[in-house]
Amino acid sequence: MMPPQARRPFGYPGKTDKNYKTEIMSKMKFLLAAAAAMVLGFNVSAQDYNSVADKYNAAVELVTAKNYADAIPALQSAISEGLEVGADAQELVTNAQKLLPNCYFRLGGAYFQQQNFDQAIANFEKAAETGALYGELALARNASTWIGRPYTAQAAHAFHGTSYAKAAETFAPRFQSV
């Protein structure tokens, strides 16, 4: 017959069979719990990604329909949720960041055509700001150029309406910023 130490597994000198079994069981429980957490974590991550993808796709549909006013908050939501999800949603976040300044720019153009100059200016400024923030530099420059057009149109309307003081007041902020 072999001595009791010969039956012990390699690497566990001095432990009894009962201690060895208890240790193995606790390690198995830990591994099982870790595996369950990983599966649940991947499932939650997939759900988060799907939520971001749904918001992004809804925003793209709004952009395609030229509904820029509703597309802007949808894109902002997709960006903020996508940043929370992390690397899995990075492509969606990047695409949404490229669309957002364009939506502000197009909304500013729509307000300009409606002669709602204050809203046009606000949206052109937001397009320039978000374009610079998200690396859409050509659009940011274009939006910065367009900011002056509503001011000019406002002043021209005031000037042709013989409200010279209002025309001067409208032009004044643009001259001070130069």
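Residues numbered from 1 in each chain as written. Predicted model: local features only at pLDDT ≥ 70, side-chain atom pairs only at ≥ 80, totals over all residues. Heavy atoms only, no water.

Colleague: Describe the overall build of the protein, listing the residues and the values that go with them.
Modeller: The secondary structure content of the protein amounts to six helices and zero strands. Listed N to C, the secondary structure of the protein is α-α-α-α-α-α in terms of helices and strands. For the protein, the proportion of its 178 residues judged to be buried stands at 28%. Taken as a whole, the protein presents about 11,700 Å² of accessible surface, with 59% of it coming from carbon and sulfur. (Helix = DSSP H or I, 4+ residues; strand = E, 2+ residues; numbered from the N terminus. Buried < 20%, exposed > 50% of the residue type's maximum accessible area, 1.4 Å probe, protein only. Areas by Shrake-Rupley, 256 points an atom, 1.4 Å probe, with all protein chains shown as cover.)

Colleague: For the nonpolar core, give the residues involved together with the corresponding values.
Modeller: Tyr56, Ile72, Leu75, Leu100, Cys103, Phe105 and Ala127 are the most contacted members of the largest nonpolar core, which totals 31 residues. Of all elements in the fold, only α1 (17-64), α2 (68-85), α3 (90-113), α4 (117-133) and α5 (137-160) reach the threshold of two or more residues within this core. For Leu75, the contacting residues outside a window of four places in its chain are Tyr56, Ala59, Ala96, Leu99, Leu100 and Cys103. (Core = buried A, V, L, I, M, F, W, Y, C linked by side-chain atoms within 4.5 Å. Contact = heavy atoms within 4.5 Å.)

Colleague: Can you explain the packing of α2 against α3? Please cite residues and give values.
Modeller: It is at 9 Å that the axes of α2 and α3 come closest, and there the two elements cross at 155 degrees. In terms of orientation, α2 lies roughly antiparallel with respect to α3. As α2 packs across α3, the resulting crossing turns out to be left-handed. Contacts from Tyr68, Ala69, Ala71, Ile72, Leu75, Gln76, Ala78, Ile79, Gly82 and Leu83 in α2 reach Val93, Ala96, Gln97, Leu99, Leu100, Cys103, Tyr104, Arg106 and Leu107 in α3. (Axes fitted to C-alpha atoms, helices over the stretch in contact; angles between N-to-C directions. Parallel < 35°, antiparallel > 145°, perpendicular 65-115°, else oblique. Left-handed = near helix turned anticlockwise from the far one by under 90°.)

Colleague: Tell me about the confidence of the model for the protein, and name the residues and values.
Modeller: The predicted model of the protein averages 79 in pLDDT, with 61% of residues at 70 or higher. Helix α6 (residues 164-176) is the least confidently modelled element of the protein, averaging 59 in pLDDT, while α3 averages 96, the highest of any element. (pLDDT = per-residue confidence, 0-100.)

Colleague: Explain the packing of aromatic side chains residue by residue, including any values.
Modeller: Scanning the entire structure with this criterion turns up five aromatic pairs. Judged by centre distance (5.5 Å) and plane angle (50 degrees), the rings of Phe105 and Phe124 are tilted. Residue Phe105 is located in helix α3, and its partner Phe124 is located in helix α4; the two are separated by 19 residues in the primary sequence. Overall, Phe105 belongs to the buried group, its relative accessible area being 16%. (Phe/Tyr/Trp six-rings, centres within 6.5 Å; stacked < 30°, edge-to-face > 60°.)

Colleague: For α2, give the residues involved together with the corresponding values.
Modeller: The terminal C-alpha atoms of α2, which comprises 18 residues, lie 25 Å apart, in line with the 26 Å expected from a rise of 1.5 Å per residue. Residues Tyr68, Ala71, Ile72, Ala74, Leu75, Ala78, Ile79 and Gly82 constitute the buried set of α2. Downstream of α2 by a residue or two, Gly86 has a phi angle that is positive, lying close to 105 degrees. (Expected span 1.5 Å × (residues − 1).)

Colleague: Go over the packing of α3 against α4, please, and point to the residues and values.
Modeller: The packing of two helices is summarised by the inter-axis angle and the distance between the axes. Running from N to C, α3 and α4 point in directions that differ by 160 degrees, and their axes come no closer than 8 Å. Classified by the angle their axes make, α3 and α4 are roughly antiparallel. The hand of the α3/α4 crossing is left-handed. Residues Leu100, Pro101, Tyr104, Phe105, Leu107, Gly108, Gly109, Tyr111 and Phe112 of α3 form the contact with α4, whose participating residues are Phe117, Gln119, Ala120, Asn123, Phe124, Lys126, Ala127, Thr130 and Gly131. For the contact of α3 with α4, the class distribution of residues is eleven nonpolar, six polar and one charged. (Nonpolar A, V, L, I, M, F, W, Y, C, P; charged D, E, K, R; others polar.)

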